[in-house]
Amino acid sequence: MNTTSPGPDSAPMRIPARSGVAVQLAKGMTIKVINTHGHQVVDTWAFNQDDIGESMSMEHSRTSMLKLVPKVGDTLLTNHRRAILTLVEDTTPGVHDTLIAACDRHRYAQLGVVGYHDNCTDNLAAALARLGLKPQETPCPLNLFMNVPVRGNGQLGFAQPVSQAGQYVALRAEMDLIIVMSACPQDVTAVNGMMPTDAHYSII
Ligand SMILES: [Zn+2]
């Protein structure tokens, strides 16, 4: 597995391929999520550190942003409509997704996979369990680097990420929070270029 240092920051930490990590961020801290190899989707959630029932919500964020995809300067909201993360830098072409549910065991069964398949929903639960926490549900993630073309007639598609190796987004915490990032193990559709890989993160 390639763990080459991916980006401009020192000591980036690894999000191992097909798995997830949870990181506590104090208000005002910024995290860079790095697409180390350029074609890896990172499902991203954020939870109020003091109340795991309050979490970043794509539907509440879209209502506020009036956009399908956040751009630099946009703030993502919780299900209580409070600011939780702001996108402060994006060196990718800006293609991300807020529409598609996290993959889960049911999705892989639907796709014809027999037996267990790693999935972002279980990665979220496992990452939070390492902090002694249990999510009440699996909120729709901010799917960083995910390329879901929206056509003029409303038709959606699944395409490979357009980001390049080492490109990243930077997200600033607007409250004390727990951010969870899953290097999506989807290898049945094209969303990770058919080859899930590591990603990295660094905290500023
Ligand atoms: Zn996934």
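Residues numbered from 1 in each chain as written. Predicted model: local features only at pLDDT ≥ 70, side-chain atom pairs only at ≥ 80, totals over all residues. Heavy atoms only, no water.

Donor atoms from the polypeptide that bind the zinc ion are Cys103 (SG), Cys120 (SG) and Cys184 (SG), placed at 2.2 to 2.3 Å. Within one chain, the residues serving as donors to the zinc ion are arranged as C-x16-C-x63-C. In this pair, Cys120 sits in helix α3 (residues 120–129) while Cys184 sits in the loop between β10 (177–183) and β11 (199–203), placing the two residues 64 residues apart along the sequence. Judged on exposure class, the residue Cys120 and its partner Cys184 are both buried. (Donors = N, O, S within 2.8 Å, 3.2 Å for Na, K, Ca; no water. Helix = DSSP H or I, 4+ residues; strand = E, 2+ residues; numbered from the N terminus. Buried < 20%, exposed > 50% of the residue type's maximum accessible area, 1.4 Å probe, protein only.)

Within the open sheet, the six strands sit side by side as β1-β11-β3-β9-β7-β6. Their pairing is antiparallel. Across the chains shown, the open sheet's two edge strands, defined by having one partner strand only, are β1 (13–15) and β6 (75–77). If you compare each strand with its neighbour and ignore which way they point, the axes differ by 30 degrees on average. By the bridge criterion, five bridges tie strand β7 (residues 83–90) to strand β9 (residues 167–173) in an arrangement that is antiparallel. (Pairing = 2+ DSSP bridges. Axes fitted to C-alpha atoms, helices over the stretch in contact; angles between N-to-C directions.)

Turning to unusual backbone geometry, a few remarks are in order. In this structure, Arg81 takes a positive phi of about 60 degrees despite not being glycine. Its location among the elements puts Arg81 in the loop between β6 and β7. Overall, the relative accessible area of 53% leaves Arg81 in the exposed class. If you check the backbone angles, Phe145 has positive phi at about 75 degrees while not being a glycine. Relative to the helices and strands, Phe145 resides in the loop between β8 (142–144) and β9. Among the residues examined, Phe145 registers a relative accessible area of 1% and is labelled buried.

A few words now on the UniProt feature "domain: DUF1989" (unreviewed entry) in the chain. UniProt records the feature "domain: DUF1989" (unreviewed entry) at residues 14–178, using the numbering of this structure. Annotated as residues 14–178, this span is 15% helix and 30% strand, and its ends, taken at the C-alpha atoms, are 17 Å apart. (UniProt positions renumbered as here; feature names shortened; annotations may be inferred.)

This paragraph deals with the environment of Met56. Mapped onto the elements, Met56 comes out in the loop between β5 (51–55) and α1 (58–65). Sequence spacing of Met56 and Pro139 is 83 residues, and the spatial spacing of their C-alpha atoms is 7.6 Å. Beyond its immediate sequence surroundings of up to four residues, Met56 is in contact with Thr44, Trp45, Ala46, Leu76, Leu77, Thr78, Ile84, Leu85, Pro139, Cys140 and Leu142. (Contact = heavy atoms within 4.5 Å.)

Two residues of an α-helix separated by three or four positions point the same way, owing to the 3.6 residues in each turn. Turning to α1, its buried residues are Met58, His60, Ser61 and Met65. Seen end-on, α1 carries its buried residues on one side only, within an arc spanning 160 degrees. Positive phi appears at Leu66, one or two residues downstream of α1, with a value of about 55 degrees. (Arc of directions from axis to C-beta.)

Of note, Ala17 is situated in the loop between β1 and β2 (20–25). The spatial distance from the C-alpha of Ala17 to the C-alpha of Pro185 is 7.0 Å, given a sequence separation of 168 residues.

Turning to the nonpolar core, a few remarks are in order. Within the largest apolar cluster, 27 residues are counted, with the highest numbers of intra-cluster contacts made by Ile179 and Met181. It is β10 that provides the largest number of residues to this core, a total of four residues. (Core = buried A, V, L, I, M, F, W, Y, C linked by side-chain atoms within 4.5 Å.)

Below, the discussion takes up the side chain of Thr36. Turning to its location among the elements, Thr36 is positioned in the loop between β3 (30–35) and β4 (42–48). Looking at Thr36, its side chain comes within polar contact range of the side chain of His200, at 2.7 Å. (Polar contact = N/O pair within 3.5 Å; in protein donor to acceptor, adjacent residues only side chain to side chain.)

Attention shifts here to α3. Those residues of α3 not exposed but buried are Cys120, Thr121, Asn123, Leu124, Ala127 and Leu128. Seen end-on, α3 carries its buried residues on one side only, within an arc spanning 160 degrees. Of the surrounding secondary structure, the elements contacted by the buried residues of α3 are β2, β4, β5 and β10.

Scanning the model with the defined rule gives seven salt bridges in all. The closest approach of N and O atoms between Asp198 and Arg14, which form a salt bridge, is 3.1 Å. Of the two residues, Asp198 is situated in the loop between β10 and β11 and Arg14 in strand β1; the sequence distance between them amounts to 184 residues. When its relative accessible area of 1% is taken as the criterion, Asp198 is described as buried. (Salt bridge = Lys/Arg side-chain N within 4 Å of Asp/Glu carboxyl O.)

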